[in-house]
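Commentary on secondary and tertiary structure
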Amino acid sequence: MEGVMALMRPMPVSPKQGVTSPRTSVRRSTPCISTDFSKRNGCLIRAQQLDSTEASTTVPPPVSDSKDNALQLKEWEVGKLQEKVAASQGITIRRRPPTGPPQHYVGPFEFRIQSEGNTPRNILEEIIWHKDVELAQWKERKPLVSLKKALDVAPPTRDFIGALRAAQQRTGLPGLIAEVKKASPSRGVLREDFNPVEIAKAYEKGGAACLSVLTDEKFFQGSYENLAAIRDAGIKCPLLCKEFIVEAWQLFYARTKGADAVLLIASVLTDLDIKYMTKICKILGLAALVEVHTEREMDRVLGIEGIQLVGINNRDLETFTVDISNTRNLLDARRTKIIREKGIIVVGESGLFTPADIAYVQDAGVEAVLVGESLIKQPDPAEGIAKLFGKDISI
Ligand SMILES: O=P(O)(O)OC[C@@H](O)[C@@H](O)c1c[nH]c2ccccc12
């Protein structure tokens, strides 16, 4: 029998500190076939023999009379139901590894579960799985109650959508969301001498309506410090927190760091997630940019009440291929009619490098554009904006 030894505990200690959520324990115990409990540091630890053939996503956690296991079983069932709902909406990205995170930390030990199901299928899934682990740590450090207190002293929100509309009316060109982006998994480091505040100032000077600030550290070398520093530097452009949002906690956190808008990615979030999160955004005064890449995602999002801002990503986040004709394909006559009726602003995202690219997506119907690479690579990002639009849009 092929198998690996695994050490787990129902209430695990996270990589850096403290106790993680019971949900984490569900997935850690899912693949068990035999258990051997022992007590250590006040926590239950189980040595488990994992048979890779048993590590299927359809195997529930072992049933026992203990309260812990009953709760785990319930949570496992809820997780399965959520997966079914997501699948019925065409969402293939799994929120977390089916049999637990790839790295398990138990006291001084660290081991890797050898199960095929624990290998992410693509880069977006890898990012999402990592975000899940990251979030468990952040939430321990800053529980929601403490964020709510921080909201009282957060700087007020500015009108993100209003700024895009005003810029478009002023220039007759799509309003620009210029992205403060040091690196990406597909392109590597885009700019070595990366000073986020200086770049943000240059973007504002060059006529950007709004700014997008990457906050993901591991894959984009961004940070919330960058977001807060740009906000604190007195930049007037409203700020989009460019993050992989999977939990409402992140909306509150973004707001405490000075965000005026957040990104919600439809290939990761179910309709219910999007509805729930846009409601919270409204309460917090945040604009929500809901990002789609496929026709199906576009139709899902157009069917949700209250969406004001839809981004069409020309980059497939699963393969990283970029094709700006995606914007045109998704904006057919039927969808354009719905968009007009609902007063939605469409943002063309990614892969825009020349005035011809801007004209192409404007012609397809976008009223705003989100641009990173082509601006960040310019020695002077303000001049980069003029080059991208074929004219000075700062006046
Ligand atoms: O650098 P580009 O090709 O101009 O792309 C900018 C922006 O659209 C891209 O960074 C982006 C769009 N959606 C995302 C979601 C997550 C991270 C990044 C993104």
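Note that this is a predicted model, so its numbers are computed, not measured.

The rules behind these values
Residues numbered from 1 in each chain as written. Predicted model: local features only at pLDDT ≥ 70, side-chain atom pairs only at ≥ 80, totals over all residues. Heavy atoms only, no water. Helix = DSSP H or I, 4+ residues; strand = E, 2+ residues; numbered from the N terminus. Buried < 20%, exposed > 50% of the residue type's maximum accessible area, 1.4 Å probe, protein only. Contact = heavy atoms within 4.5 Å. Areas by Shrake-Rupley, 256 points an atom, 1.4 Å probe, with all protein chains shown as cover. Expected span 1.5 Å × (residues − 1). Arc of directions from axis to C-beta. Pairing = 2+ DSSP bridges. Axes fitted to C-alpha atoms, helices over the stretch in contact; angles between N-to-C directions. Near = heavy atom within 4 Å. Polar contact = N/O pair within 3.5 Å; in protein donor to acceptor, adjacent residues only side chain to side chain. Nonpolar A, V, L, I, M, F, W, Y, C, P; charged D, E, K, R; others polar. Phe/Tyr/Trp six-rings, centres within 6.5 Å; stacked < 30°, edge-to-face > 60°. UniProt positions renumbered as here; feature names shortened; annotations may be inferred. Domains from an automatic or database assignment. Buried area = accessible area lost by both parts, 1.4 Å probe. Salt bridge = Lys/Arg side-chain N within 4 Å of Asp/Glu carboxyl O. Parallel < 35°, antiparallel > 145°, perpendicular 65-115°, else oblique. Left-handed = near helix turned anticlockwise from the far one by under 90°.

1. Regarding the overall build of the protein
Along its length, the protein carries 15 helices and 15 strands. Counting every position in the protein, which comprises 395 residues, the buried fraction comes to 54%. Here the contacts in the protein between residues at least 6 apart in sequence split such that 68% fall between residues at least 24 apart. Carbon and sulfur atoms make up 53% of the accessible area of the protein, which totals about 17,500 Å².

2. Focus: helix α2 (residues 67-88)
Owing to its 3.6 residues per turn, the α-helix aligns residues three or four sequence positions apart on the same side. Taking 1.5 Å of rise per residue, the 22 residues of α2 would be expected to cover 32 Å, and the 32 Å separating its terminal C-alpha atoms lies within 8% of that figure. Where α2 is concerned, the buried positions are N69, Q72, W76 and A86. Each buried residue of α2 lies within a common arc of 95 degrees when the element is viewed along its axis, so the set occupies one face. Facing away from the buried side of α2 by more than 90 degrees, the exposed set consists of K67, L81, Q82 and K84. Of the residues flanking the end of α2, it is G90, one or two places downstream, whose phi is positive at about 80 degrees.

3. Quick notes on the sheet that holds strand β12 (residues 287-292)
Ordered by their spatial adjacency, 8 strands build a closed barrel running β6-β9-β10-β11-β12-β13-β14-β15, and the pairing between neighbours is parallel. In this sheet, adjacent strand axes meet at a mean angle of 25 degrees when their direction is disregarded. Looking at chain direction, strand β6 (residues 175-180) and strand β9 (residues 210-214) are connected through 4 bridges and run parallel. By the bridge assignment for β9, E179 is matched with S212.

4. Section: unusual backbone geometry
Located in the positive-phi region is F320, a residue other than glycine, with phi close to 70 degrees. Among the secondary structure elements, F320 is positioned in the loop between β13 (309-313) and α11 (325-330). Of note in this structure, S350 is not a glycine but carries a positive phi near 80 degrees. Inspection of the secondary structure puts S350 in the loop between β14 (345-349) and α13 (355-364). By relative accessible area, S350 is classed as buried at 14%.

5. Let's talk about the site of the ligand
Taken together, 16 residues lie near the ligand, and E179, K181, E291, S350 and G372 sit nearest. With respect to the ligand, the side chain of K181 contributes an N or O atom lying 2.7 Å from an oxygen atom. Side-chain polar atom of S350 to an oxygen atom of the ligand: 2.7 Å apart, as the coordinates give it. Burial of the ligand by the surrounding chains reaches 99%, relative to a free accessible area of 440 Å². Of the residues that constitute the shell around the ligand, the class distribution is 5 nonpolar, 4 polar and 7 charged.

6. Structural notes on the side chain of D216
Locating D216 in the fold gives a position in the loop between β9 and α7 (224-232). A polar side-chain atom of D216 sits 3.5 Å from the main-chain amide nitrogen of K218. When residues no more than four places from it in sequence are discounted, the contact partners of D216 are K131, Q221, G222, K242, E243 and F244.

7. Observations regarding the packing of aromatic side chains
Taken as a whole and judged by the stated rule, the model has 6 aromatic pairs. Between W138 and Y224 the ring centres are 5.7 Å apart and the planes differ by 85 degrees, which places this aromatic pair in the edge-to-face class. Of this pair, W138 sits in helix α3 (residues 123-141) while Y224 sits in helix α7; the two residues are 86 residues apart in sequence, bridging distant segments of the chain. For the pair formed by W138 and Y224, the shared burial category is buried. An angle of 20 degrees between the planes, with centres 4.9 Å apart, marks the rings of W249 and Y253 as stacked. Taken as a pair, W249 and Y253 lie in helix α8 (residues 248-256) at a separation of 4 residues, close to a single helical turn. Given a relative accessible area of 6%, W249 falls into the buried group. Members of the aromatic cluster, connected to one another through ring pairs, are W138, Y224, W249 and Y253.

8. Some remarks on the UniProt feature "domain: Indole-3-glycerol phosphate synthase" (unreviewed entry) in the protein
UniProt records the feature "domain: Indole-3-glycerol phosphate synthase" (unreviewed entry) for residues 124-388 in the present numbering. Measuring from the first to the last C-alpha atom of residues 124-388 gives 28 Å, for a span that is 48% helix and 17% strand.

9. Quick word on the domain arrangement of the protein
With domains assigned, the protein is organised as domain 1 (13-118) and domain 2 (141-389). With both chains or domains summed, domain 1 and domain 2 bury close to 940 Å², and 44% of this area falls on carbon and sulfur atoms. The partner of D273 in a salt bridge is R95, and the shortest N-O contact between them spans 2.7 Å. Viewed at the interface, domain 2 and domain 1 are joined by 3 residue pairs in polar contact (both at pLDDT 80 or more). In terms of residue count, α2 provides more of the side of domain 1 that touches domain 2 than any other element does, 3 residues in total. Partitioning the side of domain 1 that touches domain 2 into residue classes produces 4 nonpolar, 5 polar and 2 charged.

10. Here we look at the packing of helix α10 (residues 295-302) against helix α12 (residues 333-342)
The contact between α10 and α12 brings their axes to 11 Å, and the two run at 30 degrees. As far as their axial angle goes, α12 and α10 are roughly parallel. As for how α10 packs across α12, the hand of that crossing is left-handed. Of the residues in α12, those touching α10 at E295, M298, D299 and L302 are R334, R335, I338, I339 and K342. Split into classes, the residues belonging to the contact of α10 with α12 amount to 4 nonpolar, no polar and 5 charged.

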